[in-house]
Amino acid sequence: MAYTSIEICAGAGGQAIGLAAADFEHAALVEIDPHACATLRENRPDWNVCEQSVLDWDPSPYVEGGIDLLAGGVPCPPFSKAGKQLGHEDERDLFPRALELVKALKPRAVLLENVRGLMDPVFEGYRRGILNELAEDYWAEWRLLQASDYGVPQLRPRAILVALRHDIAHHFTWPVPRPDAAPTVGSTLRSLMAANGWEGADAWADKANVVAPTLVGGSKKHGGPDLGPTRARRAWAAIGVDGSTIAESAPLPGHKGMPRLTVQMAAVLQGFPDDWAIVGRKTNAYRQVGNAFPPPVAKAVGDAIAAALRAADEEAILRTQTSQRRPRSRRSSLRDSHPDGDRASA
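Computed from a predicted structure; not experimentally measured.

Our next topic: the pairing of strand β2 (residues 24-31). Most of β2 is tucked away: 6 of the 8 residues are buried. Taken together, the 6 bridges between strand β1 (residues 3-8) and β2 define a ladder with parallel strand orientation. Across the sheet, residue T4 finds its bridge partner in β2, namely E25. Handedness of the crossover joining β1 and β2 through helix α1 (residues 14-21): right-handed. With 3 bridges connecting them, β2 and strand β3 (residues 49-51) associate as parallel partners. When the sheet's bridge partners are listed, E31 is paired in β3 with E51. At this point the chain moves from β2, through helix α2 (residues 34-43), to the parallel β3, and the crossover so formed is right-handed.

Among the structural elements, A38 can be located in helix α2. Along the sequence, A38 and V279 sit 241 residues apart, while their C-alpha atoms lie 6.2 Å from each other.

Quick look at the sheet that holds β3 now. The strand order β3-β2-β1-β4-β5-β7-β6 describes an open sheet built from 7 strands, whose pairing is mixed. The strands lining the two open edges of the sheet, one partner per strand, are β3 and β6 (138-146). For this sheet the average axis-to-axis angle between neighbouring strands, irrespective of direction, equals 15°. The sheet contacts of α1 involve β1, β2, β4 (69-72) and β5 (109-115), and relative to β2 the element is tilted by about 170°.

When the charged atoms of two side chains with opposite charge come close together, those side chains can pair. Under the defined criterion, the tally for this structure stands at 16 salt bridges. Here E133 and K103 are joined by a salt bridge, their closest N and O atoms 3.3 Å apart. Of the two residues, E133 is situated in helix α4 (residues 124-134) and K103 in helix α3 (residues 95-105); the sequence distance between them amounts to 30 residues. Overall, the relative accessible area of 51% leaves K103 in the exposed class. Connected through salt bridges with shared partners, the residues D68, R108 and D313 form a single ionic network.

Rules used throughout
- Residues numbered from 1 in each chain as written.
- Predicted model: local features only at pLDDT ≥ 70, side-chain atom pairs only at ≥ 80, totals over all residues.
- Heavy atoms only, no water.
- Buried < 20%, exposed > 50% of the residue type's maximum accessible area, 1.4 Å probe, protein only.
- Helix = DSSP H or I, 4+ residues; strand = E, 2+ residues; numbered from the N terminus.
- Pairing = 2+ DSSP bridges.
- Right-handed = clockwise from strand over helix to strand, strands pointing away.
- Axes fitted to C-alpha atoms, helices over the stretch in contact; angles between N-to-C directions.
- Contact = heavy atoms within 4.5 Å.
- Salt bridge = Lys/Arg side-chain N within 4 Å of Asp/Glu carboxyl O.

Honestly, it's all geometry; don't read function into it.
Dropping the structure here:
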C-alpha cells in the first residue's frame, strides 16, 4: 500500500523522486524557489506543489487526514564547510520550523537530510537538541550515509535524521549499502559526452574511471554555475573535468582539453533520472542540481521507513485479530448458558 508524505524544501525533486519510488504519495511539496517549482511541475504536473516559504505554509489542511511521513532537505548553508557554519545563528536554519511542523502534523515518521558538516563535533549539541525535541513522541537517530553506497556515481555524504513513533520504531532498520560498486563518472557520462560527436569521448570516459567528487551547488548568497571552490575544482580536474564553469552543451567535434559538465550531466551524477528536466537558466538550474538529495539514497531510506510502517500496520492487524479470537472467561461462558444468567449473577 502507498503511504502519504509531505515534503518541505523540496527543491528540484531529488528526495521526492526517491520517496515516490518507495511508494509514498506526496500530499504536498513545499518550495520557495520558483525555478525549482517549475522543475517539479514540468516533470510531475499531478504533484501538489506549494510555491511559498515553509515559514508561511499552513499545515492545517493536512492535520485531520493524517500524514505518514514528513520529509525535507532544509537549507544546508548553516552547516556547510563551504560557509561559516553558523548553525542556529544562521537566518537560513529551518530545523526549528521543521520541528514545529512535526508537532502540528504528528506524522508517523520523519526524514530530514542535510550536509556532512552537520555531523561535525561542533554541532553535537545542536543534533542532541533536535533529538530531545522529538523524544516524547518519537525514537530518532542521526546517521551519515554515503551516496555512492546506494548506486550514486558520486562521493556525497549526507547527514540523515530518521524519527518514528515509539510504536513503530522497533520495526525500523537502516538501509544497508549495495554490494556492487558505484558506477564511475566515465561509465555514467560516456554517452552524454559523445552526444554531439566528440571524438575524444571514449578515451575520456576510460580515464574517468572513478566515482565523482561531491557536486557543490552554491547558495543564493554565494556560488555560481561552476563545480565549487579551488579545492573542488582540482578534484574534478584530476579526473579530467574542467570545473571552472558549466557548459551549455556536450563537447563538439574537434574539442581539445578537458570537457565541462552540462546541467544534465551533473543531474545524472546526482542520481536523477535521464529524462528529468531541470527548468531555468544555467545558474539557477545547476544550483537546483547541486543542492539536491540523490534520489537513490532517498529511495533506500524511504524503503526502510515504508517497511517499518507496513510491519507496524501488520502487527496492529494481528493484535486486533488475536484479541477478537481470545476465548471468553469460564464464568462468562456459564452465565451466557444460563437462561437467567443476568439475574443469577445478581
